[in-house]
Amino acid sequence: MNRDKKELALERIARMFLWALFPLLLVGVTACTRSASPVGGGDAEASATVPADDAAERPGSMLAYEHRINVVLPEDAIIGRLRATQAACTGARFGRCEVLTVDQSGGGAPRATLTVRIVPAGVEPMIALAGEGGRIGARNTRAEDLAQAVNDNARQRARLQKELALLQEFQQRKDLAVADMVALSQRISDAESQLESAEQEGAQQQRRITTQLLTIGFGPTGSDSGLGEIGSAVRDSGELFAQGVAWMIRAVAFLLPLALGLFVLVAIVRRLRRRKSAGKPQG
């Protein structure tokens with residue numbers, strides 16, 4: 001009996017030592033992961049996550065490009081050019097392309113905006129198509145360097161993968177108590193959730209690197225825009241006049257009772273003052 005108690009005590013001590021040693025093992029795994037990365041900033045590790053076809057097209061690039069273009073067209077050509085550009089994107093005419101937003105406004109000066117995400121080789125052909133029959137009014141291009149973010153994400157995923165593998169090895173042990181199994185399962189679930197989030201973030205980073213954001217604004221020429229504004233003002237003048245008259249009628253209807261009430265109040269005050277003055281004895 002005493003021997004069984006001693007064995008149980010030794011088993012508990014061993015289990016406590018094992019759980020105390022577990023964080024040290026994780027730290028060691030993380031250190032090994034960092035030491036295995038290249039000394040020069042980890043560009044080789046990050047570039048390995050870029051697809052081969054895009055890496056060949058843009059070797060070593062970790063830049064996320066965004067373009068904003070303003071296209072000036074005759075007023076009656078804006079909608080047609082918008083639809084043609086949108087159809088070229090959805091039909092992958094210049095390579096893989098996704099339509100993100102389409103905005104269109106009518107009235108005297110119609111305007112439209114198209115935002116797409118397209119492969120780098122399709123940016124210039126898409127801009128040329130959008131500018132057919134018009135001219136490029138303005139153009140802006142900016143790039144965000146994602147090298148550090150990609151490297152950090154790659155290290156985080158490697159650390160989580162090793163941590164998850166180590167936890168799963170502990171889970172295979174047959175001598176774990178129920179409470180230990182529950183705690184271990186919870187840590188595995190947390191590690192899997194963090195790994196999934198990191199993988200989604202990495203996929204979004206690669207999407208921004210391998211494709212470029214292109215926003216095209218379509219607007220009328222200066223003369224068309226001016227005439228449209230004048231025509232719109234003439235069409236709106238009658239409505240504005242009617243609104244002004246209606247506002248004046250409402251104002252009079254609102255102020256008339258207040259004016260009558262004020263008039264009655266002033267008359268009552270004057271009468272009271274007269275009575276007081278008449279009741280005073282003459283000196």
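The sections below set out a description of the structure shown in this document. A quick note: this is a predicted structure, and the numbers were derived from the prediction, not measured.

Rules behind the numbers
- Residues numbered from 1 in each chain as written.
- Predicted model: local features only at pLDDT ≥ 70, side-chain atom pairs only at ≥ 80, totals over all residues.
- Heavy atoms only, no water.
- Helix = DSSP H or I, 4+ residues; strand = E, 2+ residues; numbered from the N terminus.
- Buried < 20%, exposed > 50% of the residue type's maximum accessible area, 1.4 Å probe, protein only.
- Contact = heavy atoms within 4.5 Å.
- Areas by Shrake-Rupley, 256 points an atom, 1.4 Å probe, with all protein chains shown as cover.
- Disulfide = S-S within 2.5 Å.
- Core = buried A, V, L, I, M, F, W, Y, C linked by side-chain atoms within 4.5 Å.
- Pairing = 2+ DSSP bridges.
- Axes fitted to C-alpha atoms, helices over the stretch in contact; angles between N-to-C directions.
- Arc of directions from axis to C-beta.

## Some details on the overall build of the chain
Summing up its helical and strand segments, the chain has eight helices and five strands in all. Ordered by position in the sequence, the α and β elements of the chain form the string α-α-α-β-α-β-β-α-β-α-α-β-α. The buried share among the 283 residues of the chain stands at 29%. Here the analysis covers contacts within the chain between residues at least 6 apart in sequence; of these, 80% occur between residues at least 24 apart. Accessible surface for the chain amounts to roughly 18400 Å². Of this, 59% is attributable to carbon and sulfur atoms.

## A word on the state of the cysteines
Formally, a disulfide is one covalent bond, and it connects the sulfur atom of one cysteine to the sulfur atom of another. Summed over the entire model, instances satisfying the criterion amount to one disulfide. A disulfide bridge connects Cys 89 with Cys 97, and the sulfur atoms are separated by 2.0 Å. Here the disulfide of Cys 89 and Cys 97 is left-handed, its torsion about the S-S bond being about -95°.

## Observations regarding unusual backbone geometry
The backbone of Ala 92 sits at a positive phi, close to 55°, despite the residue not being glycine. Inspection of the secondary structure puts Ala 92 in the loop between α4 (78-90) and β2 (97-105). The class of Ala 92 is partly exposed, set by a relative accessible area of 42%.

## Digging into the nonpolar core
Membership of the largest hydrophobic core comes to 21 residues, with the highest contact counts inside it found for Val 71, Met 126, Leu 214, Ile 216 and Phe 218. For this core, the secondary-structure elements that each account for two or more residues are β1 (63-73), α4, β3 (111-118), α5 (123-130) and β5 (212-220). For this core, the element with the most residues is α5, which contributes five residues. Once residues lying within four places of it in the same chain are set aside, the contact partners of Met 126 are Thr 85, Ala 88, Cys 89, Phe 94, Cys 97, Ile 118, Leu 214 and Ile 216.

## What to know about the sheet that holds β1
Pairing within the open sheet is mixed, and its five strands lie in the order β2-β3-β5-β1-β4. The outermost strands of the open sheet, each flanked by one partner alone, are β2 and β4 (135-145). The average angle at which neighbouring strand axes cross in this sheet is 10°, direction not considered. Summarising the sheet, β3 and β5 pair through seven bridges and their orientation is antiparallel. Its bridge partner being in β5, Ala 112 is matched across the sheet by Phe 218. Lying over the sheet, α5 contacts β1, β2, β3, β4 and β5, oriented at roughly 10° with respect to β5.

## Comments concerning α5
The set of residues buried in α5 consists of Val 123, Met 126, Ile 127, Leu 129 and Ala 130. Seen end-on, α5 carries its buried residues on one side only, within an arc spanning 160°. Contact partners of the buried residues in α5: β1, α4, β2, β3, β4 and β5.

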